[in-house]
Protein chains: 2
Amino acid sequence: MEARCRWAGWKERLCSAEQAAALIENGMTVGMSGFTRAGEAKEVPRALAERARQDPLSITLMTGASLGNDLDKLLTDAKVLSRRMPFQVDATLRRAINAGEVMFIDQHLSETVELLRNRQLAEIDVAVVEACAITEEGGIVPTTSVGNSASYAILADKVIIELNLDAPAELEGLHDIYIPQMRPTRPPIPVVAPDSRIGTPYIPIDPGKIAAIVVTHGKDSPSTLLPPDADTRRIADHLIEFFADEVSIGRLTPSLLPLQAGIGTMANAVMSGLAEGPFDHLTMYSEVLQDSTFDLLDAGKLDFASGCSITLTEARGKRVWGNLDAYRDRLVLRPQELSNHPGIVRRLGIIAINTALEMDIYGNVNSTHVGGTRMMNGIGGSGDFARNAQLSIFVTKSVAKEGDLSSVVPFASHVDHTEHDVDVVVTEHGLADLRGLAPRERAARLIDQCADSRYRPALRRYFEHACQRGGHTPHCLEEAFSWHIAAERDGHMRRFQTEDAGARRGEHREEPPVAHPA
Amino acid sequence: MEARCRWAGWKERLCSAEQAAALIENGMTVGMSGFTRAGEAKEVPRALAERARQDPLSITLMTGASLGNDLDKLLTDAKVLSRRMPFQVDATLRRAINAGEVMFIDQHLSETVELLRNRQLAEIDVAVVEACAITEEGGIVPTTSVGNSASYAILADKVIIELNLDAPAELEGLHDIYIPQMRPTRPPIPVVAPDSRIGTPYIPIDPGKIAAIVVTHGKDSPSTLLPPDADTRRIADHLIEFFADEVSIGRLTPSLLPLQAGIGTMANAVMSGLAEGPFDHLTMYSEVLQDSTFDLLDAGKLDFASGCSITLTEARGKRVWGNLDAYRDRLVLRPQELSNHPGIVRRLGIIAINTALEMDIYGNVNSTHVGGTRMMNGIGGSGDFARNAQLSIFVTKSVAKEGDLSSVVPFASHVDHTEHDVDVVVTEHGLADLRGLAPRERAARLIDQCADSRYRPALRRYFEHACQRGGHTPHCLEEAFSWHIAAERDGHMRRFQTEDAGARRGEHREEPPVAHPA
């Protein structure tokens, strides 16, 4: 314990999770650690949910990103959450958000603490941060994520530390904590490469603010990556072929550019695929580091990875967490404000690979809203990266629900990324390089290269019909959402499928859209 | 002449506009100076259009932004333009773009030269740049805009200089030319305040590339700012009251933050209005400097203004161009890549004020497409600023066409700025501070504060009906575009107006949308 908690004052602050949770009062704004289900405070939120069942209270909860260990579910079920930001992935919380019961503020993940620092959001009353150690001066050494923990702890009135004795002590030294100065007199943030170290390996706070230390045990929820299926492998293959081509014409070098990849099975598969290509001395400047990062490190393909969290499957975790020293000099974890910083993303010239939920024929991307209304997870860091990347790539399977839904639609039912921020689109059918193209050219290429062949004729008909009407970005607004309306009513878009491109021509135009589906 | 052209080799390169234009061949990519109708090369494009009437040719034309002196019209009429980027404002070119005759690539204005430098766009064959002087080493001193001229000249195979003897010689010294280094090893760009000077007062090029020097005369087209009407004045008043409130609660200081304002009458009026408020020692870090910049400088309210072009009315021009020395130490013109740089905008904590064409009830903004399809001008720098600003404000009148069209609609027919990038919305009716709100809260506030009272009941009905269906961002996709469809068919949205909130309840839902209006 003394090795983990080197701050002299710890004994006076030691308490149970219940006692610590009692510091959180009804109506407070609470900032908690946790990013992509890594490094979240585990026991205090659990105790808070428990208490709320007897003694109702509601709070604004801010985190880095998603919490593991079903905490968002527990807190939602206990009706603790009145407001939640900036990201989540929990099914129960998602239902509450979509029912209008929890006010969810979906934010670019680099922005939350900028807003807090300028007092554009409610001030943090209590921060709850998981630590693997506390330094002599009361500095907090985070565990598997940094997320927004540093700014939350620095800005909060009171800080609760969950000292997790199951977190590897070897995590210490992995973090690089730097807080940008106040604007408008902020000097440049000195990150100039993925391996730049510009701060301290702990979160420096006034130890007088440490209101409670709770000793915990317990692990992050393992990541639920699936092995890549055939379509995912095809997407990775298209992308790797594209990168190889860019190298061969001299537009990229074999070390490419610092890589960012979103979270999930598809992004993981794409990254893993890079081990196969003619690439070397790769680097990552990303948000979350998944299994693929360690695959590439092990393969000797990746020189360095910068992120703000590490989220691994159970199998991968076993090989990493007990063996951290092998990776130590090739990893850094930063605050998400820095891992996702627009200025740094622009400076480094990142290749950004993010996942689309759907996209329209012009390449406007919906990353968040099913059917234009129901929040899935949140925009996360995709906007931080896609807008400022040197090369912004979006990947998606061309269809969902075994072909019943097309991911390429006439008009995106929600726009998170405009066509300006989408350079390249990849599905299992192919890759559409949209750089330097006008909308009409983008549409022709995107439909031909990326849409599923069953939906291609109907998309072409929509596009041709729209072009007859004219416009820089031609559309027929009466039909623009007909695909989504059908999906909502029928559960599928099969009426827009064509076996023979001629057979069903125009059919979807003859039936007027149905108002008010149940 | 010797004072203007100090480079020894000039005599051998001196030629007519026709001779210079002959250097431009069919199929070439040409980069020209010019930004918001300031500082464009004037004679060579005119000669090119003239020649094309006899001897057809077509080119890709890149500029900083819009050209004056009807050049885009002349070039369009002469069918010279096959591709055009990244911005325009000409009625004739707009028609050609919307007819699909000119491929227009609408870009964030900070990005064009990044893409060029990485060879993600076709390489520049010829650059044509207006200059007020040529230095001893062959460096180009631009005139009233920098735009993309520096990178075009540096990247081009051949450079044509239009030496405009009518441009004030006193422009020399106003410019600050800095070209960011190649990525991924780019050091931080050292701009840390609006008055940072980090480069040279001329565009440094290899003089061996100077293929032609054309001596010209002629002025920029004057800006066509209108005096503010009552609604515009109300918008300015709401905004000034908001800023004063932010100062009084200590969230801003009386010098606010570096200000950016879009182009046009409304942005100009808002900026001018700041002369009336309790503000002092203001600064601007903007794209275009309009009359209001000089009003504020003259009023002693503005300490410094950084931009990439100066666009003035005829009356203002008379008082500025002959009197530049009075402003010299309070002005700088930079490449648009720097004036709009995401990293610098984020670093300085800019207050960005941009104009919306329409917005939806959740605050997603359409800046570009009339009826979702027809390009107006382009996204310009609005995305560079709005995404990265400390405070992103969009202004618009609540109605257009004397009330026949509502600027607040259920669903934006095109999205340039997502709700994440829109903090505050202002119309003549009021100001909606949307910071920290979830979409349902944003909608309630935006409808109440900003929509015209005639359209408010129908917007509320749409919103309430959508909320009954649920979702994080509730919508009824069947009705989402009904306002635009009515406008397209009838030329107005009057069917969504209500005198009495109860009288017409639900009317617009009973009539199904009409397919295929003529």
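Residues numbered from 1 in each chain as written. Chains lettered and ligands numbered in written order. Predicted model: local features only at pLDDT ≥ 70, side-chain atom pairs only at ≥ 80, totals over all residues. Heavy atoms only, no water.

- In the nomenclature of an unreviewed UniProt entry, chain A corresponds to Acetyl-CoA hydrolase/transferase family protein from the organism Halomonas urmiana.
- Recorded in UniProt under Sequence similarities (unreviewed entry), the annotation for chain A is "Belongs to the acetyl-CoA hydrolase/transferase family." (UniProt positions renumbered as here; feature names shortened; annotations may be inferred.)

Observations concerning the overall build of chain A
Thinking step 1. Across its full length, chain A carries 19 helices and 25 strands.
Thinking step 2. What you see for chain A is a C-alpha radius of gyration of 24 Å, in line with the 24 Å of a compact globule of 518 residues.
Thinking step 3. By residue count, 65% of the 518 residues in chain A fall in the buried class.
Thinking step 4. The contacts of chain A with a sequence gap of at least 6 include a subset with a gap of at least 24, amounting to 73%.
Thinking step 5. Taken as a whole, chain A presents about 16,600 Å² of accessible surface, with 50% of it coming from carbon and sulfur. (Helix = DSSP H or I, 4+ residues; strand = E, 2+ residues; numbered from the N terminus. Rg over C-alpha atoms; globule rule 2.2 N^0.38 Å. Buried < 20%, exposed > 50% of the residue type's maximum accessible area, 1.4 Å probe, protein only. Contact = heavy atoms within 4.5 Å. Areas by Shrake-Rupley, 256 points an atom, 1.4 Å probe, with all protein chains shown as cover.)

So, the UniProt feature "binding site: CoA" (unreviewed entry) in chain A
Residues and elements named next belong to chain A.
Thinking step 1. Under the present numbering, the feature "binding site: CoA" (unreviewed entry) in UniProt falls on Asn-377, Gly-381 and Lys-401. Spanning 25 residues, the named residues are also spread out in space, since their farthest C-alpha pair is 26.0 Å apart.
Thinking step 2. By the element assignment, Asn-377 lies in the loop between β19 (374-375) and α14 (382-388).
Thinking step 3. Setting aside chain neighbours within four positions, we find Asn-377 in contact with Phe-87, Gln-88, Val-89, Arg-94, Phe-104 and Thr-368.

With respect to the confidence of the model for chain A
Low-pLDDT stretches of the model should not have their predicted coordinates read in fine detail.
Thinking step 1. Looking at chain A, pLDDT values average 95 and 96% of them are 70 or higher.
Thinking step 2. Scored below 50 in pLDDT, residues 501-518 of chain A makes 37 contacts in the model with residues more than four places away or belonging to other chains. (pLDDT = per-residue confidence, 0-100.)

Focus: the sheet that holds strand β16 (residues 358-360) of chain A
Strand pairing in a sheet relies on backbone hydrogen bonds, with the paired strands running either antiparallel or parallel.
Residues and elements named next belong to chain A.
Thinking step 1. Strand order in the open sheet formed by 3 strands is β17-β16-β23, and the pairing between neighbours is mixed. The sheet terminates laterally at β17 (365-366) and β23 (408-409), the two strands that pair on one side only.
Thinking step 2. Relative to β23, β16 runs parallel, the two being bridged by 2 bridges. The residue bridging Asp-360 from the neighbouring strand is Val-409, located in β23. (Pairing = 2+ DSSP bridges.)

A look at the pairing of strand β10 (residues 282-285) of chain A
Each regular strand shows side chains that alternate between the opposite faces of the sheet.
Residues and elements named next belong to chain A.
Thinking step 1. Taking every second residue as pointing to the same face, both faces of β10 are buried, with Leu-282 and Met-284 on one and Thr-283 and Tyr-285 on the other.
Thinking step 2. As paired strands, β10 and strand β12 (residues 302-307) are joined by 4 bridges and run parallel to one another. Paired with Leu-282 across the bridge in β12 is Leu-302.

Focus: the packing of helix α15 (residues 439-450) of chain A against helix α16 (residues 456-469) of chain A
Residue and element names in this part refer to chain A.
Thinking step 1. At a closest axis distance of 10 Å, the pairing of α15 and α16 adopts a crossing angle of 165 degrees. Here α15 lies roughly antiparallel to α16, going by the angle between them. Like other packed secondary-structure pairs, α15 and α16 cross with a definite hand, here left-handed. Residue-level contacts link Arg-440, Ala-443, Ala-444, Ile-447 and Asp-448 of α15 to Arg-456, Leu-459, Arg-460, Phe-463 and Cys-467 of α16.
Thinking step 2. Its residues assigned to classes, the contact of α15 with α16 comprises 6 nonpolar, no polar and 4 charged. (Axes fitted to C-alpha atoms, helices over the stretch in contact; angles between N-to-C directions. Parallel < 35°, antiparallel > 145°, perpendicular 65-115°, else oblique. Left-handed = near helix turned anticlockwise from the far one by under 90°. Nonpolar A, V, L, I, M, F, W, Y, C, P; charged D, E, K, R; others polar.)

Considerations on the sheet that holds strand β23 (residues 408-409) of chain B
Residue and element names in this part refer to chain B.
Thinking step 1. If you walk across this open sheet you meet the 3 strands as β17-β16-β23, and the pairing is mixed. Looking at which strands have only one partner, the edges of the open sheet turn out to be β17 (365-366) and β23.
Thinking step 2. Of the pairings in the sheet, the one linking strand β16 (residues 358-360) to β17 comprises 2 bridges and is antiparallel in character. Residue pairing in the sheet places Glu-358 in a bridge with Asn-366 of β17.

Examining the domain arrangement of chain A
Accessible area lost when the parts come together is the quantity often used to give the size of an interface.
Residues and elements named next belong to chain A.
Thinking step 1. According to the domain assignment, chain A consists of domain 1 (10-216) and domain 2 (230-496).
Thinking step 2. Placing a centre on the C-alpha atoms of domain 1 and another on those of domain 2 gives a separation of 29 Å.
Thinking step 3. For the domain 1 and domain 2 pair, buried surface summed over both sides reaches about 3,600 Å², with 59% attributable to carbon and sulfur atoms.
Thinking step 4. For Arg-117, the salt bridge is made with Glu-337, and the minimal N-O distance between the two is 2.7 Å.
Thinking step 5. Taken together, the connections running from domain 1 to domain 2 amount to 27 residue pairs in polar contact (both at pLDDT 80 or more).
Thinking step 6. Along the lines of polarity and charge, the residues of the side of domain 1 that touches domain 2 split into 23 nonpolar, 16 polar and 10 charged. (Domains from an automatic or database assignment. Buried area = accessible area lost by both parts, 1.4 Å probe. Salt bridge = Lys/Arg side-chain N within 4 Å of Asp/Glu carboxyl O. Polar contact = N/O pair within 3.5 Å; in protein donor to acceptor, adjacent residues only side chain to side chain.)

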